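# Summary of structural features
Below, each chain spelled out in residue letters.
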Amino acid sequence: MSLRHIGGEMAGWSDTTPAGGPSYGHLLDTLHPLLPEGARVLVAGPHDPSLLTVLPPDAEVTCLVRAESDADALNRRVATVLCGSLSKLTETDHYDVVIALDGVDRLCSVEGPQYDWAEALQALRRVLRPGGALLLAVENELGVHRLVDRTAVTFAHTDADWRPVGEYGTKPGSPARLRQHLAADGLTVAWLAAAWPLPSAPGLIVDEPTLRDGPAGALAAAASAVTGAAYADRPVLSDPRRLAATAIRGGLGPEFAPAWVVLAFRGPPARVTPPAAVLGAGPMPPMPPGRLLEELLIGACLRHDLPALRCLLSAWVAEQPAAAADNVLVDGDTFAVFDAARPLVEPAVAIRRFAETLLAGGYDQPWPAARDTAALTAVLLAAAGLSPAADVPELLPPAPDWLREHEERVRRLEEQLADAGERIRHVESELVKRDGELRRAQLQIDMFSGTVGYRITKLGARAARAVRRNLKKR
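Residue numbers here run from 1 along each chain, matching the order of that chain's written sequence. A pLDDT threshold of at least 70 governs which residues receive local features in this predicted model, and a stricter bar of 80 or more applies before side-chain atom pairs are shown or counted, although totals over entire chains, interfaces and linings include all residues. In computing side-chain values, all of the structure's heavy atoms are included and hydrogens and water are not.

Looking only at helices and strands, the chain features 16 helices and 16 strands. Within the span of the chain, comprising 474 residues, buried residues form 45% of the whole. The contact criterion used is simple: two residues touch if any of their non-hydrogen atoms lie within 4.5 Å. Of the contacts formed within the chain by residues at least 6 apart in sequence, a portion of 73% connects residues at least 24 apart. Taken as a whole, the chain presents about 23,500 Å² of accessible surface, with 56% of it coming from carbon and sulfur. Helix and strand assignments follow DSSP, with helices taken as H or I runs no shorter than four residues and strands as E runs no shorter than two, numbered in order from the N terminus. Partly exposed describes any residue whose relative accessible area lies between the buried limit of under 20% and the exposed limit of over 50%, with all areas from a 1.4 Å probe on protein chains only and scaled to the type maximum. Residue-level accessible areas treat just the shown protein chains as cover; the underlying method is Shrake-Rupley with a 1.4 Å probe.

Written as structure tokens, this is what we have:
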């Protein structure tokens with residue numbers, strides 16, 4: 001094992017959130033046929049050490065990182081560690097495979113020249129042997145993760161973002177332009193896929209043909225699930241699950257994916273068959289057709305279609321009572337579980353989660369009086385033909401904390417307060433009016449009670465009553 005400093009290394013500092021995750025690990029495992037015996041592999045950028053264990057044991061692995069502490073940690077795991085800037089790679093460094101699943105944005109240090117995306121790609125291409133393979137991840141500046149992020153990509157929010165150019169760099173903005181850019185650099189694209197929910201740790205990787213022609217409902221459900229898990233309880237601008245699912249259903253999944261993963265060759269592509277879809281640590285299970293139950297229920301709520309709501313809810317608890325609404329695909333009269341690995345839940349818990357989704361998402365629904373989770377859950381349970389539960393536990397992971405839907409709820413509360421204020425003003429006006437009438441009546445009573453005529457009439461009435469009593473006694 002050797003540690004070679006190539007200039008520009010950064011001491012007393014470390015890159016956070018390296019590229020990793022089980023999906024990247026499975027992808028590397030399926031690409032073993034690309035690695036001949038004793039292949040030279042360059043892992044450029046910060047990568048999780050678990051990814052290095054997926055590479056064949058006979059491969060000669062070299063890691064390039066810019067932080068000295070990261071280089072020291074890797075020196076105990078791989079044969080060669082290069083610590084410093086990408087610009088210091090020599091012309092004699094040639095590799096059979098270059099892996100850059102962290103992208104190329106973190107391959108330069110503050111003490112060396114600052115390469116943009118295009119220049120960094122050319123530097124990696126120069127060290128790739130003819131016929132060699134490049135496995136590269138490219139962050140999409142218009143990806144769902146950027147659209148829901150509360151921070152700006154053009155301002156440094158961490159000590160790693162000393163040059164936050166964001167969308168103003170040379171990075172391609174679409175899969176088509178990425179292909180064109182790679183072809184202009186003499187690289188042939190053999191496989192291109194989209195990744196969710198985060199570029200550094202995707203849980204779902206799907207190639208372009210599958211995204212275009214595969215079952216949109218199942219793919220949208222998978223993207224929504226992994227995105228919801230990654231953003232649980234995290235503050236965001238808007239619900240990333242809705243954006244990811246909507247993009248895939250609309251045929252724009254690759255354009256709005258957080259990242260693209262591309263396998264390119266310097267020369268003709270080798271015969272290799274990467275997986276069509278990776279979910280978690282393995283290939284995606286068979287994808288049933290149909291629409292996500294949660295989407296159908298929300299659509300019925302928006303239309304105030306009570307018969308359709310009751311039909312969907314009752315069929316849900318009859319066919320798949322232990323699955324959440326975001327894990328059931330509906331195809332006609334068939335209710336199929338999408339991901340059997342998810343934990344089972346009680347029907348009341350699943351319906352409560354759907355009620356939380358309706359309220360937190362600011363969706364219109366046909367029961368405006370049910371303004372909290374408990375009340376709406378009781379209504380939905382009754383519509384599903386279930387007895388209302390006294391106390392429904394919260395067993396599912398929390399949803400993302402989105403700002404736009406919070407503002408929508410505030411807007412609706414403001415409307416309800418304005419309506420209540422109008423009612424209060426109307427009641428106050430009626431009270432003032434009635435109070436005036438009572439005052440006039442009291443003045444009339446007081447006026448009549450103080451006159452001589454009123455007193456004579458009162459005495460006459462008393463005398464008449466006395467005469468009637470005397471007559472009755474006789």
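Okay, the sheet that holds strand S13 (residues 291–292) next. Here we have three strands laid out as an open sheet, ordered S13-S14-S15, and antiparallel in their pairing. Of all strands in the sheet, those with a lone pairing partner are S13 and strand S15 (334–337), marking the two edges. Strand direction decides the pairing type here: strand S14 (residues 328–331) and S15, joined by four bridges, are antiparallel. Considered in S15, the bridge of Asp331 is made with Thr334. What makes two strands pair is DSSP finding at least two bridges between them.

Looking now at the pattern of salt bridges. For this analysis, a salt bridge means a side-chain nitrogen from Lys or Arg found within 4 Å of a carboxyl oxygen belonging to Asp or Glu. In total, this model carries 23 salt bridges according to the counting rule given. Residue Arg303 pairs with Asp305 through a salt bridge whose shortest N-O separation is 3.9 Å. Where salt bridges share partners, they join Asp105, Glu139, Glu141, Arg146, Asp149 and Lys171 into one cluster.

Note on placement: Arg106 falls in the loop between strand S5 (95–100) and helix H4 (117–126). On the accessibility criterion, Arg106 (14% relative accessible area) is buried. Pairing of N or O atoms within 3.5 Å defines a polar contact, subject to two protein rules: one partner must be a possible hydrogen donor and the other a possible acceptor, and residues neighboring in sequence count only if both atoms are side-chain atoms. Reaching out from Arg106, the side chain makes a polar contact with the backbone oxygen of Thr17 at a distance of 3.0 Å. Here Asp102 takes part through its side chain, which lies 2.8 Å from a polar atom of the side chain of Arg106. Those residues in contact with Arg106 that lie beyond four places of it in its chain are Asp15, Thr16, Thr17, Pro18, Pro46 and Arg66.

Before going further, it helps to examine a positive patch on the surface. What makes a patch is a set of residues exposed beyond 30% relative accessible area and free of salt bridges, joined within 9 Å when like-charged and within 5 Å when nonpolar (Val, Leu, Ile, Met, Phe, Trp, Tyr). Working convention for charge: Lys and Arg count positive, Asp and Glu count negative, and His plus the chain ends are omitted. Throughout, a charge is located at the NZ atom of Lys, the CZ atom of Arg, the CG atom of Asp or the CD atom of Glu. Taken together, the side chains of Arg462, Arg465, Arg468, Arg469 and Lys472 make up a positively charged region of the molecular surface. Residue classification places Lys472 among the exposed residues on the basis of a relative accessible area of 73%.

Glancing now at the confidence of the model for the chain. Confidence of the predictor in every single residue is expressed as pLDDT, which spans 0 to 100. Here the chain averages 84 in pLDDT, and 88% of its residues register 70 or above. Summarising per-element confidence for the chain, the mean pLDDT is lowest in strand S1 (residues 2–5) (59) and highest in strand S10 (residues 259–265) (96).

Ranked by size, the top nonpolar core spans 58 residues in total, and within it Leu42, Leu86, Leu124, Leu136, Trp196 and Leu204 carry the most contacts. Residues in contact with Leu42, not counting those within four places in the same chain, are Thr62, Leu64, Leu89, Tyr95, Val97, Val98, Ile99, Leu124 and Val127. Among the nonpolar cores identified, the runner-up in size contains 39 residues, and Val41, Leu52, Val65 and Val81 belong to it. Side-chain atoms within 4.5 Å are what join buried Ala, Val, Leu, Ile, Met, Phe, Trp, Tyr and Cys residues into a set we call a nonpolar core.

Relative to the elements of secondary structure, Ala324 occurs in the loop between helix H12 (306–319) and S14. In this structure the C-alpha to C-alpha distance between Ala324 and Pro343, which are 19 residues apart in sequence, comes to 9.4 Å. Leave out the neighbours within four places in its chain, and Ala324 touches Trp316, Val345 and Ala350.

Glancing now at the pairing of S5. The buried fraction of S5 is high, at six of six residues. The pairing of strand S2 (residues 40–44) with S5 spans three bridges and is classified as parallel. Directly across from Leu42, in S5, lies its bridge partner Val98. Examined bridge by bridge, S5 and strand S6 (residues 128–139) share five bridges and lie parallel to one another. The residue bridging Val97 from the neighbouring strand is Ala133, located in S6. When the strands point away from the viewer and the path from the first strand over the helix to the second turns clockwise, the crossover is right-handed. For the crossover from S5 across H4 to S6, the handedness is right-handed.

Of note, Asp207 is situated in strand S8 (residues 204–207). For the buried Asp207, which has no salt bridge, the nearest side chain bearing the opposite charge is Arg179, at an N-O separation of 8.9 Å. In this structure Asp207 touches Trp191, Leu192, Ala193, Pro275 and Ala276, once residues within four positions along its chain are discounted.

Only C-alpha atoms enter the line fits that serve as axes; for helices the fit covers just the stretch in contact. Angles between N-to-C directions range over 0 to 180 degrees. Interhelical geometry of H4 versus helix H6 (residues 175–184) gives an angle of 50° and a closest axis separation of 11 Å. Here H4 lies oblique to H6, going by the angle between them. H4 and H6 meet at a crossing whose hand is right-handed. Facing Trp117, Ala118 and Leu121 of H4, the residues of H6 in contact are Leu178, His181 and Leu182. The classification used treats Ala, Val, Leu, Ile, Met, Phe, Trp, Tyr, Cys and Pro as nonpolar, Asp, Glu, Lys and Arg as charged, and all other residues, Gly among them, as polar. Residues belonging to the contact of H4 with H6 are distributed by class as follows: five nonpolar, one polar and no charged. To sort the angles, those under 35 degrees are grouped as roughly parallel, those over 145 as roughly antiparallel, those from 65 to 115 as roughly perpendicular, and the leftovers as oblique. Less than a right angle of anticlockwise turn of the near helix away from the far helix marks a crossing as left-handed, whereas a clockwise turn marks it as right-handed.

Further remarks concern the packing of helix H8 (residues 216–230) against helix H9 (residues 240–249). Contact geometry for H8 and H9: axes closest at 8 Å, N-to-C directions at 155°. By the criterion of interaxial angle, the relationship of H8 to H9 is roughly antiparallel. Seen along the crossing, H8 lies across H9 with a hand that is right-handed. On H9, the residues touching Ala216, Leu219, Ala220, Ala223, Ser224, Thr227 and Gly228 of H8 are Pro240, Arg241, Ala244, Ala245, Ile248 and Arg249.

So, on to H12. Taking 1.5 Å per residue, 14 residues should reach 20 Å; H12 reaches 20 Å between its end C-alpha atoms and fits that length. Those residues of H12 that sit buried are Leu309, Leu312, Leu313, Ala315, Trp316 and Val317. In this fold, the buried residues of H12 make contact with helix H11 (293–303), S14, S15, helix H13 (347–360) and helix H14 (373–383). If you check the start of H12, you find a side-chain oxygen 3.3 Å away from the backbone N of Ala308, and it comes from Asp305. By this rule the span expected of a helix is its residue count minus one, scaled by 1.5 Å.

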